[in-house]
Amino acid sequence: MNVQLSHPDTNLFGEIQITGSKSESNRALVLKALFPSISLSNLSNSDDTSVLQKALKTSGGLVDIHHAGTAMRFLTAYFASREGLEVVLTGSSRMQERPIELLVNALKDLGADINYLEKEGFPPLKITGKKLLKSSVNVQANISSQYISALMLIGASLPNGLIINLEGQVTSAPYINMTLKLLHYFDIEAKFEGQVITIQSKSKLESRTFEIESDWSSASYYFSIAALGKQGQLNLKNYKKESLQGDSKIIRIYHEFGIETSFADNEILLLKNNFEKPKNLHLDLRNMPDLAQTIAVTCLGLGIGCELKGLHTLKIKETDRLVALKNELEKFGASVEITDSSLSLAPCSTLRENIEVETYNDHRMAMAFAPLALKVPLRIKDAEVVSKSYPEFWEDLESIGFSIEKVSS
Ligand SMILES: O=C(O)C1=C[C@@H](OP(=O)(O)O)[C@@H](O)[C@H](O)C1
Ligand SMILES: C=C(OP(=O)(O)O)C(=O)O
């Protein structure tokens, strides 16, 4: 499905309810599978959460998690530690290009039985669950934090707990802290000091409900919408000031674009103020990789240049997001330079209209470019990709005045 987007009056008023964070949901679901006394509310309704939920019920055989990176990584650790379970864990063709060797090596060091069925270092994996008796492991931390979170999630269920020694510069660190805080919430003893994570073994947890906060990465598109619109007031429900999600730091970034965020009764309210356009925005997104596309497109729409660095993980996500961004930003008339870890966008004063944006099987390409319809009509290809993290995205956009027309390519 392709969609033609525009926003006739560019004023924005409305209330949006996004479901729970997919990162929090997927962690909490793995913990719940290990410790059934846990209850959860406000689970994400994303595809990535549905595939994980289904996979956790398997009694063996083929498990296909499609495009879900967290599901792939978390389940590799989970299945490897389930004695007696035999699975073949696979995913989409892109998932078969996303590396998993560092996690597999760490699990093998702990005693796991995992084999590559096709390309060495990549899914599909044949996993034969075993009791993992070793309790200390080293893992390189500069490629994906998901490998580390995967190990942390099974740590307390291992008979001797787990010490994880991180090597190199830690990337996407807020996601490791999210995992740590979730363990603390359930009274699992865990600490992250320097480059060492220590998790104590625990045989059962007290029954406790965890209310998942709504997804800040999904909320980011409304920050971009607020920044690109003329005026308005947007309320987003189920958000808190003290968030486990690193992407909540978007508040500070969008302050630069004149967006004032206030909290009331578990809601956030976004208001646009007059602001002085920065000429060039410099940001290191090592801790917030999922915001890169949102921010780059906001800058394009506002005619602001940006230098984004710390983007080395973008090449191994749903697509090579650096190349995808360069290709699509340039279609609008922008001038973009990329390296393996950075993107530089020159200020662009005029945007070309009716551009067709390719989405590369990447939900964030579709959602990041959609707000640009407040500036020029545009077309998004394969718009259904949004369901990976935010299935109601298009309906929610319609509710705040976007015109969305299905078109054939
Ligand atoms: O742990 C998580 O929930 C995630 C970690 C990040 O991945 P990397 O650590 O691979 O950067 C992020 O990009 C992804 O969307 C979700
Ligand atoms: C990178 C992402 O997800 P994952 O790595 O879990 O597929 C994302 O949602 O932007």
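Predicted, not measured: the structure shown is a model, and the values here were computed from it.

Points about the overall build of the chain
Summing up its helical and strand segments, the chain has twelve helices and 22 strands in all. Its C-alpha atoms give the chain a radius of gyration of 21 Å, near enough to 22 Å, the size a compact globule of 409 residues would have. Projecting the C-alpha coordinates of the chain onto the three principal axes gives extents of approximately 60 × 45 × 40 Å. Put simply, the chain has 409 residues, and 49% of those count as buried. Here the contacts in the chain between residues at least 6 apart in sequence split such that 72% fall between residues at least 24 apart.

A closer look at the site of ligand 1
Surveying the vicinity of ligand 1 reveals the residues Ser23, Thr70, Ser144, Ser145, Gln146, Ser149, Thr171, Ser172, Tyr175, Pro289, Asp290 and Thr313. Per element, the largest residue contribution to the shell around ligand 1 is three residues, and it comes from helix 5 (residues 145-155). Counted by class, the shell around ligand 1 contains two nonpolar, nine polar and one charged residues. When residues of the shell around ligand 1 are sorted by domain, at least three fall in each of domain 1 (2-20 + 213-407) and domain 2 (22-32 + 48-204).

Details of the nonpolar core
One finds Tyr222, Ala296, Leu300 and Phe369 to be the most contacted residues of the largest nonpolar core, which totals 72 residues. A per-element tally of this core places helix 7 (residues 216-228) first, with nine residues. Contacts of phenylalanine 369, omitting those with residues within four sequence positions, involve Val297, Glu328, Val357, Leu378 and Ile380. One finds Leu52, Tyr78, Val139 and Ile212 within the second-largest nonpolar core, a separate group that totals 62 residues.

Topic: the UniProt feature "binding site: phosphoenolpyruvate" (unreviewed entry) in the chain
Sites flagged by UniProt as "binding site: phosphoenolpyruvate" (unreviewed entry) map to Lys22, Gly69, Arg98, Gln146, Arg321, Arg364 and Lys388. Along the chain, the position of glycine 69 falls in helix 3 (residues 69-80). Look past the residues within four positions of glycine 69 in its chain and what remains in contact with it is Arg98 and Gln146. Relative to the helices and strands, arginine 364 resides in helix 11 (residues 363-369). Of the residues examined, arginine 364 has 31 C-beta atoms within 10 Å and is grouped as buried.

Focus on the sheet that holds strand 17 (residues 305-309)
The strand order across the open sheet built from four strands is 16-17-19-18, with neighbouring strands paired in mixed fashion. Whereas interior strands pair on both sides, the edge strands pair on one side only; in this sheet they are strand 16 (280-284) and strand 18 (336-338). Here the strands of the sheet are splayed against their neighbours by 10 degrees on average, with no regard to which way each runs. Strand direction decides the pairing type here: strand 17 and strand 19 (residues 343-345), joined by three bridges, are antiparallel.

Things to note about the sheet that holds strand 1 (residues 2-6)
With respect to topology, four strands assemble into an open sheet ordered 20-21-1-22, the strand pairing being mixed. Each edge of the open sheet carries a strand with a single partner, namely strand 20 (355-357) and strand 22 (403-407). Looking at each pair of strands side by side, their axes are set apart by 25 degrees on average, direction ignored. The sheet contact formed by strand 20 and strand 21 (residues 378-380) spans three bridges and is parallel. The residue bridging valine 357 from the neighbouring strand is isoleucine 380, located in strand 21.

Overview of the UniProt feature "domain: Enolpyruvate transferase" (unreviewed entry) in the chain
Within this structure's numbering, the places UniProt gives as "domain: Enolpyruvate transferase" (unreviewed entry) are residues 61-397. Helix makes up 29% of residues 61-397 and strand 24%, whereas the separation of the span's terminal C-alpha atoms amounts to 40 Å.

Considerations on helix 4 (residues 101-109)
Within helix 4, burial applies to Leu102, Leu103, Val104, Ala106 and Leu107. Buried-residue contacts for helix 4 involve helix 3, strand 6 (113-116), strand 7 (125-128), strand 8 (136-140) and helix 5. A positive backbone phi angle near 115 degrees is found at glycine 111, which sits one or two residues after helix 4.

A word on the domain arrangement of the chain
Once the domains are mapped, the chain shows domain 1 (2-20 + 213-407) and domain 2 (22-32 + 48-204). On a C-alpha basis, the centroid separation for the pair domain 1 and domain 2 is 30 Å. Among the residues forming the side of domain 1 that touches domain 2, the class breakdown is three nonpolar, eight polar and five charged.

How each quantity is defined
Residues numbered from 1 in each chain as written. Chains lettered and ligands numbered in written order. Predicted model: local features only at pLDDT ≥ 70, side-chain atom pairs only at ≥ 80, totals over all residues. Helix = DSSP H or I, 4+ residues; strand = E, 2+ residues; numbered from the N terminus. Rg over C-alpha atoms; globule rule 2.2 N^0.38 Å. Buried ≥ 20, exposed ≤ 12 C-beta atoms within 10 Å, placed from the backbone. Contact = placed C-beta atoms within 7 Å. Near = placed C-beta within 6 Å. Nonpolar A, V, L, I, M, F, W, Y, C, P; charged D, E, K, R; others polar. Domains from an automatic or database assignment. Core = buried A, V, L, I, M, F, W, Y, C linked by C-beta atoms within 7 Å. UniProt positions renumbered as here; feature names shortened; annotations may be inferred. Pairing = 2+ DSSP bridges. Axes fitted to C-alpha atoms, helices over the stretch in contact; angles between N-to-C directions.

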